[in-house]
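Residues per chain are reported as follows:
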Amino acid sequence: MEANPDGTGRPPACDLCGRPGVYLDRIQNRHLCSDHFVGDVEGRVNHTIQKYVMVQPGDRLAVALSGGKDSTVLLHLLRRLLPDADLAAVTVDEGIDGYRDATLRSAGATTRGLGIEHQTLSFLDLYGKTLDEILKGQPDRACSICGILRRKALNTIARRAGASKLVTGHNLDDEAQSVLMNWLRGDRERVLRRPEENGGHGFIPRVKPLREIPEKEVALYGILKGLFVELPECPYMHSALRGEVRGILTTLERGHPGTMRRVVEGQVRLSRQLSSIPRASRPLRACERCGDPTTARLCQACRLFDPEGGPGTLVSPER
Ligand SMILES: [Zn+2]
Ligand SMILES: [Zn+2]
């Protein structure tokens, strides 16, 4: 929401219709009213879906619904923009005490309100333990361990739902952070990965319709549409690197509007221009424990529980 720069106490007028503005688009330097802001976000999400051919005829879309802001907005937007699409919502219950119950209730209310089929899979069912139990004694690895286990759980539940695509609520801020983190880690594979390769490696293809919408615009869209209730934050410490990168990008975006968009678009252009460069892709095989595709003997998730130890073992073996 914007303050009134002219000192009259009135909000600045929408540059398109003259009604009270609710948002200043700093990239195009224009104020937008509620209706024009909502229409603008929907138009850009639609454009992203078309541009990356995210949805094709016959697709069944599993929408990863955590119950939080981004995924709640995503599900509403998809229902609105793709009224005839075959949608199912899938939720992973990691087993985080004092956090997940509220977001699961929110996810259930959202899908009931939209009349969309909803499936849930818990870490307890899939791995025999909750995330709280898995992380006992190693809370500092929470995000990397949870990330690996969530990825496998989402793929499993999307497959059970019969989906051809997995749709996630990653926004522009998430994407810009990931691009920068890949550079900072020197992760050549990920730096060169084209958006169309998302998922890949035998997993259900992943698409991200909000990847060009800044986090604050996703949040404002949800507020203007009345979609949110107050939800608790995840109690685990977030990845230290992502937190720092997020701070740096926020500062840069404030001083140089459009920075995050340029970071993401630059990676897309670079990856396309370099797509002919041979990449060291190791052959895929089936994980010896769970059968999921992997380049090693065990997939990343199974390596977390590997009783044989070794450098990949992050979690105590008993389960
Ligand atoms: Zn307007
Ligand atoms: Zn496995």
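Calculation criteria
- Residues numbered from 1 in each chain as written.
- Chains lettered and ligands numbered in written order.
- Predicted model: local features only at pLDDT ≥ 70, side-chain atom pairs only at ≥ 80, totals over all residues.
- Heavy atoms only, no water.
- pLDDT = per-residue confidence, 0-100.
- Contact = heavy atoms within 4.5 Å.
- Core = buried A, V, L, I, M, F, W, Y, C linked by side-chain atoms within 4.5 Å.
- Buried < 20%, exposed > 50% of the residue type's maximum accessible area, 1.4 Å probe, protein only.
- Helix = DSSP H or I, 4+ residues; strand = E, 2+ residues; numbered from the N terminus.
- Domains from an automatic or database assignment.
- Donors = N, O, S within 2.8 Å, 3.2 Å for Na, K, Ca; no water.
- Tetrahedral: all angles 85-135°; square planar, octahedral: opposite > 155°, others 65-115°.
- Phe/Tyr/Trp six-rings, centres within 6.5 Å; stacked < 30°, edge-to-face > 60°.
- Lys NZ or Arg CZ within 6 Å of the ring centre and 35° of its normal.

**Student:** Hey, could you run me through the confidence of the model for the chain in this one?
**Tutor:** Regions with low pLDDT carry predicted coordinates that are not meant to be interpreted in detail. Averaged over all residues, the pLDDT of the chain equals 88, while 91% of them reach at least 70. Here residues 309-319 is a poorly scored stretch, pLDDT under 50, and it has 23 contacts once near neighbours within four places are set aside; other chains count.

**Student:** Is there a simple way to think about the nonpolar core in this case?
**Tutor:** A general trend in soluble globular proteins is that nonpolar side chains are found buried together. Judged by nonpolar contacts, the single largest core of 33 residues is most densely connected at Val90, Phe123, Tyr127, Leu131, Leu149 and Leu166. Those elements that provide at least two residues to this core are β3 (60-64), β4 (86-93), α4 (123-127), α5 (131-134), α6 (142-160) and α12 (300-304). Broken down by element, this core gets its largest block of residues, nine residues, from α6. The two domains that each donate at least three residues to this core are domain 2 (40-281) and domain 3 (284-319). Those residues in contact with valine 90, other than ones at most four positions away along the chain, are Ala62, Val63, Ala64, Leu65, His118, Gln119, Leu154, Ile157, Ala161 and Leu166.

**Student:** So what exactly am I meant to see when it comes to the coordination of the zinc ion (ligand 1) here?
**Tutor:** Tetrahedral coordination by four donors places them ideally at 109.5 degrees to one another around the metal; octahedral coordination by six donors ideally gives 90 or 180 degrees. Donor atoms from the polypeptide that bind the zinc ion (ligand 1) are Cys14 (SG), Cys17 (SG), Cys33 (SG) and His36 (ND1), placed at 2.0 to 2.3 Å. Within one chain, the residues serving as donors to the zinc ion (ligand 1) are arranged as C-x2-C-x15-C-x2-H. Residue class for cysteine 17 comes out partly exposed when judged on its relative accessible area of 33%.

**Student:** Is there a simple way to explain the coordination of the zinc ion (ligand 2) in this structure?
**Tutor:** Within the protein, the atoms that donate to the zinc ion (ligand 2) are Cys287 (SG), Cys290 (SG), Cys299 (SG) and Cys302 (SG), at distances of 2.3 to 2.4 Å. Coordination at the zinc ion (ligand 2) is tetrahedral: its four donor atoms span angles of 103 to 118° at the metal. Positions of the donor residues of the zinc ion (ligand 2), expressed as sequence spacing, correspond to C-x2-C-x8-C-x2-C. Note that cysteine 290 is positioned in the loop between β8 (285-286) and β9 (293-294) and cysteine 302 in helix α12, a separation of twelve residues in sequence. On the basis of relative accessible area, cysteine 290 is assigned to the partly exposed category, the value being 33%. Given the relative accessible area of 9%, cysteine 302 is considered buried.

**Student:** Explain the packing of aromatic side chains to me, please; I cannot follow it from the model alone.
**Tutor:** In this description, an aromatic ring pair is defined by two values, namely the gap between the centres and the angle between the planes. Counted by the stated rule, this structure contains three aromatic pairs. Relative to tyrosine 127, the ring of phenylalanine 123 lies with its centre 5.3 Å away and its plane at 80°, an arrangement referred to as edge-to-face. Of the two residues, phenylalanine 123 and tyrosine 127 both sit in helix α4, four residues apart, roughly one turn of that helix. Each member of the pair, phenylalanine 123 as well as tyrosine 127, carries the same accessibility label: buried. Taken together, the ring pairs connect Phe123, Tyr127 and Phe305 into an aromatic cluster. The residue whose ring lies beneath arginine 151 is phenylalanine 203, and the NZ or CZ to ring-centre distance is 4.4 Å. Arginine 211 extends its terminal NZ or CZ atom over the ring of tyrosine 52, reaching a point 5.0 Å from the ring centre.

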